[in-house]
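The chain contents come next:
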Amino acid sequence: MVRQKNRWLLVQFDFERDILSSCTLDETPTSTPSKTKKRKLQQQRSSSSGYLSEVPSSQSIQQVNATDIYRSLQETITQNFGLVGASTTEVQVRMYDPKLRLAIIKTAREDYPAVRSSLTVLTGIKQGGDVLRVAARTIAVSGSARTARNAAWEEIQKRFYGNENRGDEMGQPSGEPWTKKGKKEMEKKLQHLEEQLEKIDSAC
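Residue positions are counted from 1 within each chain, in the order its sequence is given. Selection of residues for local features in this predicted model requires a pLDDT of at least 70, selection of side-chain atom pairs for listing and counting requires 80 or more, and totals for whole chains, interfaces and linings are taken over all residues. In computing side-chain properties, one takes all heavy atoms of the structure into account and sets aside hydrogens as well as water.

Engineer: Explain the confidence of the model for the chain to me, please; I cannot follow it from the model alone.
Structural biologist: A low pLDDT means the predicted coordinates there should not be read in detail. Predictor confidence is given residue by residue as pLDDT, running from a minimum of 0 to a maximum of 100. Mean pLDDT over the chain: 77, with 70% of residues reaching 70 or higher. This model gives residues 46-53 a pLDDT under 50, and the stretch forms 11 contacts once residues within four places in sequence are excluded. Counting contacts from residues 170-175, a segment whose pLDDT is below 50, to residues more than four positions away or on other chains yields 18 contacts. Whether two residues are in contact is decided by their heavy atoms, any of which lying within 4.5 Å being enough.

Engineer: Can you walk me through helix α5 (residues 112-121) in this structure?
Structural biologist: Side chains that are three or four residues apart share a direction in an α-helix, a result of its 3.6 residues per turn. If you check which residues of α5 are buried, you get Ala114, Val115, Ser118 and Leu119. Buried residues of α5, seen end-on, are gathered within an arc of 135° and therefore sit on one face of the element. Secondary structure follows DSSP: runs of H or I at least 4 residues long count as helices, runs of E at least 2 residues long count as strands, and numbering of each begins at the N terminus. Contacts from the buried residues of α5 go to β1 (6-15), α4 (66-88), β2 (91-97), β3 (102-108) and β5 (130-142). Between buried and exposed lies partly exposed: a residue is buried under 20% and exposed over 50% of the maximum accessible area for its type, with that area taken using a 1.4 Å probe on protein chains only. In this description, the arc belongs to the directions extending from the helix axis to the C-beta atoms.

Engineer: What is the right way to look at the packing of aromatic side chains in this model?
Structural biologist: Given two aromatic rings, one states the distance between the centres and the angle between the planes to describe the pair. The aromatic pairing rule takes the rings of Phe, Tyr and Trp, using the six-membered ring of Trp, and pairs them if the centres are within 6.5 Å, calling planes under 30 degrees apart stacked, those over 60 edge-to-face and the rest tilted. Applying the stated rule across the entire model yields one aromatic pair. A ring pair is formed by phenylalanine 13 and tyrosine 96, whose centres lie 6.0 Å apart and whose planes are at 80°; its orientation type is edge-to-face. Of this pair, phenylalanine 13 sits in strand β1 while tyrosine 96 sits in strand β2, placing them 83 residues apart in sequence. As far as burial versus exposure is concerned, phenylalanine 13 and tyrosine 96 are alike and both buried.

Written as structure tokens, this is what we have:
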């Protein structure tokens with residue numbers, strides 16, 4: 001019996017609100033003209049798109065789950081590869097963390113090119129009555145659940161302990177030293193994420 005070979009994708013989802021917030025934080029207080037131009041550009045892009053003209057709240061983004069991502073990904077696969085392609089493509093969203101916007105997606109090795117290309121052109125995730133604009137990027141591709149867990153854990157640790165983005169995921173200002181309360185919350189969340197990763201199917 002030939003064992004089925006799979007691919008595990010570690011995917012980062014960058015929502016429109018997160019991208020616009022990071023652009024605002026990068027602006028200097030003296031750059032009022034450029035800020036006005038950027039705000040006008042954002043309004044033009046929102047009104048000309050097929051999505052909602054207003055940027056969804058962070059609460060809507062926090063409510064996104066693995067099922068929402070799976071359905072939106074399946075819809076994108078159908079649009080690009082047809083009903084036959086979607087019905088024959090094996091894909092599972094094994095884990096999604098709404099705080100870190102990280103997902104682990106499992107697919108068969110022969111379906112990997114179709115799934116990864118569909119993630120590249122994925123531009124929206126349906127959540128309730130909203131369509132959240134998003135950009136998905138693949139951080140790592142693994143051949144087993146164990147290496148996928150290791151890649152996810154390495155990425156999580158890099159975010160929590162790295163100098164550049166330290167504290168962002170915990171609600172702490174970036175670059176500032178951790179407080180005692182912040183460290184305790186961080187340790188609890190790290191433990192929770194580690195438990196989530198351990199629940200991923202270890203079958204290869």
